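One-letter residues, chain by chain:
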Amino acid sequence: MSLGANSGTYLDQFPGEAKVIRTAFYSSFIALGIGALMGLLQVFHRLDILRLIPSEDYYSYLTLHAVLLVLTFSIFFLVGVFTWAVTTSLDRGLEDLRYTWGWYGLMAVGTLMAGVAIIGGFFDSIPMSAAVLYTFYAPLQAHPLFYLGLALFIVGSWLAGLDWFRSWWAWRSENPDERIPLPTFMALTTTLFWIISSMGVAISVVVFLLPWSLGLIGQVDALLTRTLFWFFGHAVVYFWLMPAYMLWYVMLPKISGGKLFSDPLARVVFVLFLILSTPTGIHHQYLDPGIAEGFKFIVMVNTMFLLLPSLLTAFTVVASMEHGARQRGGTGYFGWLRALPWRDPVFAGMALAGLMFAAAGFSGMINAGMNINYLVHNTWWIVGHFHLTIGTAVALTFMATTYWFLPQLTNKEIWSKSVGLAQVLLWFVGMTLMSNAMHRSGLVGVPRRTAEPQYSGFDYEVAAGSMAELNMQVAIGGTLLFISTLLFLTVVVMTVWGSKVDTLPANGYAETLSGPEDAPLVLDNLKLWTAIAVVLVVLAYALPLASIIGRRGLFGPGGSPSPQFIDTLVFTGQAIVDSAVGVIR
Amino acid sequence: MRISRAGLLVAIAVLVPIVVELRTVLVHLGVEMSVTETGLLAAAMVGVLLAWAVAPDVRGRKRSNGESE
Ligand code: HEM
Ligand SMILES: [Cu+2]
């Protein structure tokens, strides 16, 4: 990598950028702390161990938990990571730091607005609430401040993406013949599908939900706004996951003492995510009436294709780790595992996060199958699943890599690596217990999103063990996770508290065994891949959306009539899809 | 030791999901284990792991981990 020019830590290289990234990280850690507390309170409330608030207010807990964790914690952290990735790999600072602070400010103000609206729900004296969960399905309605905050937050994240593009454009004009460095390539492809997909939720919020909560329009269509939400809702999952993938590709091999197995393969993976992330969202709506089975079938096929880049990742990452271990003297079929740097929480945390992600992949395949989905839909199985993906593969990777980033951003040594190791192990064990029990509860029908899952005169019949044991597992697991979060925050605070040292390793990332020169040039053609992504999105969504609007109008039954041309489009499209599905079957 | 102390700790953590899932698998094979029995099984597995870790390396392979703990 062309990092030779200026060595030292990231703070030495880019002091101004380091400050923005640090601020974004701290914002994300505050959200993590509050969010984790809500998680613990939810566990206690549902199991009737401790109920601080009446059950009617439970959705305020749940909204705060999910919004703070999946939007604030993950996205603030990942904009920091991508900023690090772009500046480090292009070896140049951002174009204009005032602009950068601008998007950070928009995101921060947006979060505060949404947060205030949600927290208002806990107090009778505050005439505000947003107990609409992070999916804000109509007819649940939040205070306008909530939607406005979300809109600002999303616009802020778009401007962040533009910041990375500006860096790349400037770099490209100075280095016209060079390949896009891998980390920048990853940040840019991710930005592209993020912008495409979040258009859906932006339209839903700005055109429908916000005017509706302001009283400007009388009603919205539940199905249309849901569909627009899920247009974004699956891609957002990959928005969280791609930075974790990037860290597995460019950081894990370095920490293992080796090199990334293949740069071209990594590029292929990110291109696949760019084109497939969005035209899959309807797999969250398998049970929604009003969307034809044929469309759902197409989406299921797209979803199964998405397994491919994840399997490619598993292969490349494990191969890179093995390469690293053998460089460190590891031998044997499995013996090399012993040569990995398990003492380092950065490594141990990322490796365990990856392991849990493999388990999440299996439960994800169940979710993705149209028919088996009926068994698990809206049960605690789903909650168990995504606490492995976003709640561990992403969250644990972010926490683990913090132990690497924080010294780079502050020039201070991690306060205690042993506490760090204990922290990542506790998360792993806690999540094993909680997620396993959630999955198994879901199989016998325990619902998600309810304050009181127990029914009188009815007992769940658990396949193995008993319901009481599963509940106990959730309580213990949730508690361990909360303790782990506290340990994490302690290490962060104590590290920042410490004094600067000048013995830290230099900033950088993994080199590759097979570099970009082996990757076909076409992989770097972002315009081409964006065009293909848009075409696939149109193919997957034009007809379902047209058919919803055609039947129900833009504002739902009784809202407004539908334009005639939409009916024609729907009729023709439906005929084509029906015959296509007929052929496949 | 054949494995670093940190490595051993990680291995014990990884045993947790194995034990938890094993219990479900065994039920489907007709073997029901109570929580206590599962705990005992886990303890036994940790014991075996510890014994393996501290036993001298029979093949005399050099300890592959550079860390001195
Ligand atoms: C301290 C650790 C955590 C605990 C104890 C915890 C606990 C829970 C529980 C019990 C629920 C289900 C509530 C219900 O269905 O009624 C839940 C939902 C959820 N959790 Fe967590 N969680 C934790 C960490 C996380 C993390 C790190 C993330 C993501 C980064 C996350 C994201 C979510 C989301 C998105 C939901 C769904 C909310 C909804 O249904 O609207 N959680 N959590
Ligand atoms: Cu999805």
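Throughout, residues of each chain are indexed from 1 in the direction in which the sequence is written. Chain A is the first chain written and ligand 1 is the first ligand written, with later ones labelled in order. Note on the predicted model: pLDDT of at least 70 is required for a residue's local features to be given, and 80 or more for side-chain atom pairs to be given and counted; whole-chain, interface and lining totals, by contrast, use all residues. The basis for the side-chain values is all heavy atoms of the structure; hydrogens and waters are excluded.

1. Focus: the overall build of chain A
Reasoning step 1: Strands are runs of DSSP state E lasting at least two residues, helices are runs of H or I lasting at least four, and both sets are numbered from the N terminus onward. Tallying secondary structure elements over chain A gives 19 helices and two strands in all.
Reasoning step 2: Restricting the calculation to C-alpha atoms gives the radius of gyration, and the globule rule supplies 2.2 Å times the number of residues raised to the power 0.38. Compactness check: chain A gives a C-alpha radius of gyration of 24 Å against a globular reference of 25 Å for 585 residues, within 12% of the reference.
Reasoning step 3: For chain A, the spread of C-alpha atoms along the three principal axes comes to 70 × 55 × 50 Å.
Reasoning step 4: Here chain A holds 585 residues, and the buried ones make up 62% of them.
Reasoning step 5: When checking whether two residues touch, look at their non-hydrogen atoms; a contact exists if any pair is within 4.5 Å. At a minimum sequence separation of 6, the contacts of chain A that also span at least 24 residues come to 83%.
Reasoning step 6: The method behind every accessible area is Shrake-Rupley, applied with a 1.4 Å probe, and residues are considered shielded solely by the protein chains displayed. By element, 68% of the accessible surface of chain A is carried by carbon and sulfur atoms, the whole surface being about 22,000 Å².
Reasoning step 7: Lys and Arg are tallied as positive, Asp and Glu as negative. Neither His nor the chain termini are counted. Note that the charge is assigned to NZ on lysines, CZ on arginines, CG on aspartates and CD on glutamates. Seen as two clouds, the 28 positive and the 31 negative side-chain charges of chain A have centres 2 Å apart. Note on classification: 1.4 Å probe, protein chains only; a residue is buried when its accessible area is under 20% of the maximum for its type, exposed when over 50%, partly exposed between these limits.

2. A word on the overall build of chain B
Reasoning step 1: Within chain B, the secondary structure is distributed over two helices and zero strands.
Reasoning step 2: Within the span of chain B, comprising 69 residues, buried residues form 35% of the whole.
Reasoning step 3: Across chain B, the fraction of contacts at a sequence separation of at least 24, relative to all contacts at a separation of at least 6, is 74%.
Reasoning step 4: Carbon and sulfur atoms make up 69% of the accessible area of chain B, which totals about 4,200 Å².

3. Points about the environment of A:Ala468
Residue and element names in this part refer to chain A.
Reasoning step 1: Here Ala468 lies in helix α17 (residues 467–497).
Reasoning step 2: Overall, the relative accessible area of 53% leaves Ala468 in the exposed class.
Reasoning step 3: Note: C-alpha distance between Ala468 and Leu47 (421 residues apart in sequence) is 9.7 Å.

4. So, the site of ligand 1
Residues and elements named next belong to chain A.
Reasoning step 1: The local shell around ligand 1 holds 28 residues, among which Arg46, Tyr58, His65, His387 and Arg449 are the closest.
Reasoning step 2: Pairs of N or O atoms are called polar contacts if they sit within 3.5 Å, as long as, within protein, a hydrogen donor faces a hydrogen acceptor (for residues adjacent in sequence, only side-chain-to-side-chain pairs). Gln42 is positioned with one of its side-chain polar atoms (N or O) 3.5 Å from a nitrogen atom of ligand 1.
Reasoning step 3: Side-chain polar atom of Arg448 to an oxygen atom of ligand 1: 2.9 Å apart, as the coordinates give it.
Reasoning step 4: At the level of secondary structure, the elements contributing two or more residues to the shell around ligand 1 comprise α2 (15–46), α3 (58–90), α15 (380–410), α16 (417–443) and α17. Only heavy atoms are used to decide nearness, and a residue is near a molecule or strand if one of them lies within 4 Å of it.

5. Section: the coordination of the copper ion (ligand 2)
Residues and elements named next belong to chain A.
Reasoning step 1: The donor set comprises N, O and S atoms within 2.8 Å of the metal, extended to 3.2 Å for Na, K and Ca; water molecules are omitted, so apparent gaps in a site may simply reflect that omission. Within the protein, the copper ion (ligand 2) binds to His234 (ND1), His283 (NE2) and His284 (NE2); these donor distances fall in the range 1.8 to 2.0 Å.
Reasoning step 2: Between the donor residues of the copper ion (ligand 2), the gaps in sequence give the motif H-x48-H-H. Highlighted residues: His234 in the loop between α7 (222–233) and α8 (235–250) and His283 in the loop between α10 (263–276) and α11 (293–305), separated in sequence by 49 residues. Accessibility assignment for this pair places His234 and His283 in one class, buried.

6. Describing α7(A)
Residue and element names in this part refer to chain A.
Reasoning step 1: Here the expected length of a helix is defined as 1.5 Å per residue gap, with one fewer gap than residues. Taking 1.5 Å of rise per residue, the 12 residues of α7 would be expected to cover 16 Å, and the 16 Å separating its terminal C-alpha atoms lies within 8% of that figure.
Reasoning step 2: Among the 12 residues of α7, 11 are classified as buried, and the element is accordingly described as predominantly covered.
Reasoning step 3: Buried within α7 are the following residues: Leu223, Leu224, Thr225, Arg226, Thr227, Leu228, Phe229, Trp230, Phe231, Phe232 and Gly233.
Reasoning step 4: Structurally, α7 contributes buried residues whose contacts are with α6 (182–213), α8 and α18 (526–552).

7. Some thoughts on the interface of chain B and chain A
Reasoning step 1: Facing 23 residues of chain B, the contacting portion of chain A comprises 24 residues.
Reasoning step 2: In total, chain B and chain A occlude about 2,000 Å² of area from one another, counting both sides; carbon and sulfur atoms represent 63% of this.
Reasoning step 3: Every case where a carboxyl oxygen of Asp or Glu lies within 4 Å of a side-chain nitrogen of Lys or Arg is listed as a salt bridge. At the boundary of chain B and chain A, one finds one salt bridge.
Reasoning step 4: With its nearest N and O atoms 2.6 Å apart, the salt bridge here joins A:Glu469 to B:Arg23.
Reasoning step 5: At the level of elements, α1 (5–28) and α2 (35–54) of chain B are the ones that each hand at least two residues to the side of chain B that touches chain A.
Reasoning step 6: Broken down by element, the residue count for the side of chain B that touches chain A peaks at 13 residues, all from α1(B). Throughout, the accessible surface (probe 1.4 Å) given up by two parts as they are put together, summed over both, is called the buried area.

8. Quick look at the layout of surface pockets
Reasoning step 1: As defined here, a cavity is a set of points on a 1 Å grid over the protein atoms alone where a 1.4 Å probe fits but cannot get out. A pocket is an open set with protein on both sides within 12 Å along at least five of seven lines, and residues line them when an atom is within 4 Å of a point. Grid points are joined across faces, edges and corners, and a volume is the space filled by probe spheres set on the points. Quantified by volume, the second largest pocket comes out at close to 670 Å³.
Reasoning step 2: Contributing to the lining of the second largest pocket are 26 residues, with A:Ala359, A:Leu388, A:Asn436, A:His439 and B:Glu21 lying nearest its centre.
Reasoning step 3: In this count, Pro and Cys sit with the nonpolar residues alongside Ala, Val, Leu, Ile, Met, Phe, Trp and Tyr, while Asp, Glu, Lys and Arg are called charged and the others, Gly among them, polar. Within the lining of the second largest pocket, the residues separate by chemical class into 17 nonpolar, seven polar and two charged.

9. Brief notes about the coordination of the iron atom of ligand 1
Residues and elements named next belong to chain A.
Reasoning step 1: Binding of the iron atom of ligand 1 to the protein goes through His65 (NE2) and His387 (NE2), at separations of 2.0 Å.
Reasoning step 2: Geometry at the iron atom of ligand 1 is octahedral, judged from the six donor atoms that bind it and their angles of 86 to 178 degrees at the metal. Residue His65 is located in helix α3, and its partner His387 is located in helix α15; the two are separated by 322 residues in the primary sequence. In this structure, His65 and His387 share a single accessibility class: buried. Irregular is the default label, applied whenever a site is not tetrahedral (four donors, all angles between 85 and 135 degrees) and neither square planar nor octahedral (four or six donors, opposite donors over 155 degrees apart, all other angles between 65 and 115).

10. Structural notes on the packing of α11(A) against helix α12 (residues 307–327) of chain A
How two helices pack is summed up by the angle between their axes together with the distance between the axes.
Residue and element names in this part refer to chain A.
Reasoning step 1: The axes used here are C-alpha line fits, helices contributing only the stretch in contact, and every angle between their N-to-C directions lies in the interval 0 to 180 degrees. Where α11 contacts α12, the two axes come as close as 4 Å, and the packing angle between them is 10 degrees. One element, α11, and the other, α12, form an angle in the roughly parallel class. For the pair formed by α11 and α12, the contact residues are Thr303, Met304 and Phe305 on the first element and Leu307, Leu308 and Pro309 on the second.
Reasoning step 2: Among the residues making up the contact of α11 with α12, the classes are represented as five nonpolar, one polar and no charged. Note on angle classes: values under 35 degrees are labelled roughly parallel, values over 145 roughly antiparallel, values of 65 to 115 roughly perpendicular, and the remainder oblique.

11. Brief notes about the confidence of the model for chain B
All names here are of chain B.
Reasoning step 1: Values of pLDDT, which run from 0 to 100, indicate the predictor's confidence residue by residue. Per-residue pLDDT for chain B has a mean of 84; in total, 83% of the residues score no lower than 70.
Reasoning step 2: Note on residues 63–69: pLDDT is under 50 here. Beyond four places in sequence and across chains, it has 17 contacts.
Reasoning step 3: We note a pTM of 0.93 for the whole complex and an ipTM of 0.87 for its interfaces.

12. Describing a nonpolar patch on the surface
Reasoning step 1: Together, A:Trp415, A:Val493, A:Met494 and A:Trp497 make up a nonpolar patch on the protein surface, roughly 470 Å² of accessible area in all.
Reasoning step 2: Examined against the element boundaries, A:Trp497 turns out to sit in helix α17. Nonpolar side chains (Val, Leu, Ile, Met, Phe, Trp, Tyr) are joined into patches within 5 Å and like charges within 9 Å, using only residues with over 30% relative accessible area and no salt bridge.

13. Description of empty space enclosed by the protein
Residues and elements named next belong to chain A.
Reasoning step 1: Tallied over the entire structure, the rule returns two cavities of 30 Å³ or more.
Reasoning step 2: Of the voids in this model, the largest cavity is the one considered here, and its volume is about 80 Å³.
Reasoning step 3: Around the largest cavity, the lining residues are Leu64, Val67, Leu68, Leu71, Thr72, Gly110, Thr111, Ala114, Gly115, Ile118, Leu150 and Phe153.
Reasoning step 4: Contributing elements (two or more residues each) for the lining of the largest cavity: α3, α4 (97–120) and α5 (144–174).
Reasoning step 5: In terms of residue class, the lining of the largest cavity is built from eight nonpolar, four polar and no charged.
Reasoning step 6: When its volume is computed, the second largest cavity comes out at roughly 40 Å³.
Reasoning step 7: Looking at the lining of the second largest cavity, the elements that each hand over two or more residues are α11 and α18.
Reasoning step 8: Take the lining of the second largest cavity: its biggest share by element is four residues, from α18.

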